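Here is what each chain is made of, one letter per residue.
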Amino acid sequence: MRGQPQDFDRVLSSMCTEPHPAAREAAERFLATNPGDPATYQSVADLETEVVEMLGDVVGVADPSGYVASGGTEANIQAVRMARNRAVTQTPNVVVPESAHFSFKKAADVLGVELRVTSLEDDYTADVGAVERFCDEDTVLVVGVAGSTEYGRVDPIPELAAVGHEYGALVHVDAAWGGFVLPFTDHDWSFADASIDTMTIDPHKMGQAAIPAGGLLARDAELFDALAVDTPYLESASQATLTGTRSGAGVASAHAALRALWPDGYREASQRAQANAEWLADALAAAGLNVVDPELPLVAASVTDEAFEALREREWRLSRTSDGELRVVCMPHVTREMLESFVADVESVTATVARGGR
Ligand SMILES: *Cc1c(COP(=O)(O)O)cnc(C)c1O
């Protein structure tokens, strides 16, 4: 059997989307290149340097250091690894809000650091007071989320940065999903808004690049020294990435997407996505659901298990929050027509469920 990728026309759950046509074309052209060996594959290595510069423009930092990772998971693991390797303590801990992505659990597990998970404010953002209470002299990293996975919330990044630095820790912002939307909002989240050290921003999510294209950026090149290992059999002398052989397709597609879309294309996509999210939130509220206000283009609303299953049976690709709400990510492929058809199905299944399934 020859496999077929599935269409995006019922996908409401994904944080990834159809790549921009230029990104798709670039990915195909660079399939057989390995930026992990930059002295051999020089042209893709040059593209990667340009991607890092362009990402710097997106996140408000001049001349950043960084690379195109396999995704947000790798970037977050590497940020934790940087902080751990620089620290002198034998018992390092990392303080994250409860809304942090599960990749930090993997990071803590792999790297042998203690993960301290702090409670949230009622609006699902990090509670700065709680973060401060969890910090001590062994804290090596404080993490803030800019565009949380479940509710699209933005933590108070300047305040978290102040707390982290007071304890001598590094400060990392996870903008894996939110990074290409937030430049067009008035949130304080970027290197320009706060004295943060590192950031995760994924071109393969809102950036419309092909998978795999994640991003890790640091304000200072020197932070990457904590990750460098010698590479005897390669032409280049050392490597700071987690993976060895890497996807040149991801790098080239991120380059093409950024070239095509930054800033106007991303602004338009963000505004369309946000308008769709607000329309959906209003429509679901009108249908009687409890809706979490969409600060960024991500809508969560409470439904019964029966209604959720009925929507899945109608082939909607939907996910749930840990509290069981349905969650719709208004990615660029999610159109108003899709959402209208989805809302009609929500109205129909909630009516059916209310009638006892008949
Ligand atoms: C998606 C996401 C990640 C993980 O990124 P992958 O590319 O799936 O590895 C990390 N953090 C946040 C906030 C995310 O939305």
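It should be emphasised that the depicted structure is a prediction, and the values quoted were computed from it without experimental measurement.

## Focus: the domain arrangement of the protein
Step number 1: Along its sequence, the protein is carved into domain 1 (21-261) and domain 2 (264-354).
Step number 2: Once you take the C-alpha centre of each, domain 1 and domain 2 turn out to be 29 Å apart.
Step number 3: Listed as interface residues are 23 residues of domain 1 and, on the opposing side, 23 residues of domain 2.
Step number 4: For the pair domain 1 and domain 2, the summed buried area comes to about 2000 Å², and 62% of that belongs to carbon and sulfur atoms.

## Describing the site of the ligand
Step number 1: Close contacts around the ligand come from 15 residues, with Gly 72, Thr 73, Asp 174, His 204 and Lys 205 the closest.
Step number 2: A distance of 2.6 Å separates an oxygen atom of the ligand from a polar side-chain atom of Thr 73.
Step number 3: Here an oxygen atom of the ligand sits 3.0 Å away from a polar atom, N or O, in the side chain of Lys 205.
Step number 4: Protein chains shield 86% of the accessible area of the ligand, which is 380 Å² for the free molecule.
Step number 5: Tallied by class, the residues present in the shell around the ligand amount to three nonpolar, nine polar and three charged.

## A closer look at the packing of aromatic side chains
Step number 1: All chains considered together, the criterion is met by five aromatic pairs.
Step number 2: The interplanar angle of 25° and the centroid separation of 4.0 Å between the aromatic rings of Tyr 124 and Tyr 151 together place this pair among those described as stacked. Of this pair, Tyr 124 sits in the loop between strand 3 (114-118) and helix 5 (128-134) while Tyr 151 sits in the loop between strand 4 (139-145) and helix 6 (157-166); the two residues are 27 residues apart in sequence, bridging distant segments of the chain.
Step number 3: Among the residues examined, Tyr 124 registers a relative accessible area of 24% and is labelled partly exposed.

## Quick word on the environment of Ala 176
Step number 1: Along the chain, Ala 176 falls in the loop between strand 5 (170-174) and strand 6 (198-200).
Step number 2: With 135 residues separating them in the primary sequence, Ala 176 and Tyr 41 have C-alpha atoms 27 Å apart.
Step number 3: Each residue touching Ala 176, except ones within four places of it in the same chain, is listed here: Gly 72, Thr 200, Ile 201, Asp 202 and Lys 205.

Reading the values: the criteria
Residues numbered from 1 in each chain as written. Predicted model: local features only at pLDDT ≥ 70, side-chain atom pairs only at ≥ 80, totals over all residues. Heavy atoms only, no water. Domains from an automatic or database assignment. Contact = heavy atoms within 4.5 Å. Buried area = accessible area lost by both parts, 1.4 Å probe. Near = heavy atom within 4 Å. Polar contact = N/O pair within 3.5 Å; in protein donor to acceptor, adjacent residues only side chain to side chain. Areas by Shrake-Rupley, 256 points an atom, 1.4 Å probe, with all protein chains shown as cover. Nonpolar A, V, L, I, M, F, W, Y, C, P; charged D, E, K, R; others polar. Phe/Tyr/Trp six-rings, centres within 6.5 Å; stacked < 30°, edge-to-face > 60°. Helix = DSSP H or I, 4+ residues; strand = E, 2+ residues; numbered from the N terminus. Buried < 20%, exposed > 50% of the residue type's maximum accessible area, 1.4 Å probe, protein only.

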